[in-house]
Amino acid sequence: MFALMHSTRLESLHLSVDPSTGLKAVIAIHDSRLGPALGGCRYLAYPDDISAVTDAARLAQGMSYKAALAGLPQGGGTAVIIRPAHVESRAALFEAFGRCVEQLDGRYITAIDSGTSVADMDCIAQQTRYVTSTTAAGDPAPHAAMGVFAGIRSTAMARLGSDNLEGLRVAIQGLGNVGYALAEQLHAAGAELLVSDIDAGKVQLAMEQLGAHPIANDSLLSTPCDILAPCGLGAVLNSLSVAQLRCSAVAGSANNQLTNLQVADQLERRGILYAPDYVINSGGLIYVSLKHQHVELPVITAHLSKISQRLTEIFAHAQAEKRSPARVADELAERVLYR
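Residues numbered from 1 in each chain as written. Predicted model: local features only at pLDDT ≥ 70, side-chain atom pairs only at ≥ 80, totals over all residues. Heavy atoms only, no water.

Right, let's get into the packing of helix α5 (residues 141–160) against helix α13 (residues 306–321). Look at α5 against α13: their axes get within 8 Å of each other, and the N-to-C directions meet at 35°. Remark: the crossing between α5 and α13 carries right-handed chirality. Along its contact with α5, which presents Gly147, Ala150, Gly151, Ser154, Thr155 and Ala158, the element α13 presents Ile307, Ser308, Leu311, Thr312 and Phe315. Among the residues making up the contact of α5 with α13, the classes are represented as 5 nonpolar, 6 polar and no charged. (Axes fitted to C-alpha atoms, helices over the stretch in contact; angles between N-to-C directions. Helix = DSSP H or I, 4+ residues; strand = E, 2+ residues; numbered from the N terminus. Left-handed = near helix turned anticlockwise from the far one by under 90°. Contact = heavy atoms within 4.5 Å. Nonpolar A, V, L, I, M, F, W, Y, C, P; charged D, E, K, R; others polar.)

Next comes the structure, spelled out in structure tokens:
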């Protein structure tokens, strides 16, 4: 774990258990120099404990970079709750997690993420004020999707020469809260949707409501399209999967899409433009951060509009320097974090 902390520049790692509820939680704080660490709480099954710790550490690092480039007064952090095989009371488990967050005395603010809901955040809020994405604060998913949609238009402009999405084939991998909201916005803009999800019901809904074309989960990456939008869990882009891609660009909401930076270089060599995930998907963080500070919605919306400009600048730097946008974004974020 110390090697992992060193490689990701993690500031601190907190492990908590509560046998009475079955809670096993990891809270990773990557960097708090810009402000309190803010990041989602995942509730997922993991093959082993170190996989959960690794996921938390990588996500926390991404949150730091995301906050830095979004100009937010936040550090990066992430919590992972290892989902038990059986849980007697989900509410009690999340209240126990809330007590863990409270013990950190504001160094970490938690929020909704994969596997968690607004109702879970409400349970956490019973025990700590260091939580957002509650019923009162609102679900950040629509705002995250809004930012990704704007980012896809910037990506289309940079790679295809126009930000008009009408008739563009966009392949969406994952129809969760953000993925489906993104699909709705793309459909309204006239894009042709290719979709996959492990939940057949969500695919059916997209077919009925949005005229989407269903694609088998194991075939989506190799399906010809203009833009691939990974909107599920991370690590979907590796050396093998990138070799199969038949798209012009990758721009989606999933965190940690790249298994490593060498994969970003592989995308660059193949002429596939990559929108750095923590830049294009920063709308959710922007929303929860500013909402937690009681900022009014028009100001939040104005901040969201900067995602498109930020991506355009990164693409321009990358093209001028003949480097991957992922490497350019990392360098820019590290300048902010580490001066």
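Further notes follow.
Tallying each qualifying case throughout the model produces 12 salt bridges. One salt bridge in this structure joins Glu192 and Arg169, with 3.1 Å as the shortest N-O distance. Linking Glu192 in strand β7 (residues 192–196) with Arg169 in strand β6 (residues 169–173), this pair joins segments that are 23 residues apart in sequence. Overall, the relative accessible area of 27% leaves Glu192 in the partly exposed class. Several salt bridges converge on common partners, so that one network encompasses Glu321, Arg323, Glu331 and Arg335. (Salt bridge = Lys/Arg side-chain N within 4 Å of Asp/Glu carboxyl O. Buried < 20%, exposed > 50% of the residue type's maximum accessible area, 1.4 Å probe, protein only.)

Turning our eyes to something else, we now look at the side chain of Thr21. Within the element layout of this structure, Thr21 appears in the loop between β1 (12–18) and β2 (23–31). Within the structure, Thr21 has its side chain in polar contact with the side chain of Asp18 (distance 2.7 Å). There is a polar contact of 3.4 Å between the side chain of Thr21 and the backbone nitrogen of Leu23. Apart from the residues lying within four places of it in its own chain, the contact partners of Thr21 are Val87, Ala92, Leu93 and Ala96. (Polar contact = N/O pair within 3.5 Å; in protein donor to acceptor, adjacent residues only side chain to side chain.)

Attention shifts here to the packing of aromatic side chains. For the structure on display, the rule yields 2 aromatic pairs. Ring centres of Tyr43 and Phe94 lie 5.3 Å apart, and the angle between their planes is 65°; this geometry places the pair in the edge-to-face category. You can see Tyr43 sitting in strand β3 (residues 37–44) and its partner Phe94 sitting in helix α3 (residues 90–103), a full 51 residues away along the chain. Judged by its relative accessible area of 4%, Tyr43 falls in the buried class. (Phe/Tyr/Trp six-rings, centres within 6.5 Å; stacked < 30°, edge-to-face > 60°.)

Glancing now at the packing of α5 against helix α6 (residues 177–188). Helix-helix packing is described using two parameters, namely the angle between the two axes and the distance between the axes. Between α5 and α6, the least distance of the axes is 8 Å, while the angle of their chain directions is 50°. Taken as axis vectors, α5 and α6 run oblique relative to one another. Crossing angle aside, the handedness with which α5 passes α6 is right-handed. Between α5 and α6, the contacting residues are Ala141, Pro142, Ala144, Ala145, Met146, Val148, Phe149 and Ile152 on the first element and Asn177, Val178, Ala181, Leu182, Gln185 and Leu186 on the second. Each residue belonging to the contact of α5 with α6 can be placed in one class, and the counts come to 12 nonpolar, 2 polar and no charged. (Parallel < 35°, antiparallel > 145°, perpendicular 65-115°, else oblique.)

Pairing within the open sheet is parallel, and its 6 strands lie in the order β8-β7-β6-β9-β10-β11. The sheet is open, and its two edges are formed by β8 (213–214) and β11 (273–274), each paired on a single side. Taken together, the 2 bridges between strand β10 (residues 249–250) and β11 define a ladder with parallel strand orientation. Its bridge partner being in β11, Val250 is matched across the sheet by Tyr274. Strand contacts of helix α7 (residues 200–210): β7 and β8, with the helix running at about 165° to β7, the strand carrying the most contacts. (Pairing = 2+ DSSP bridges.)

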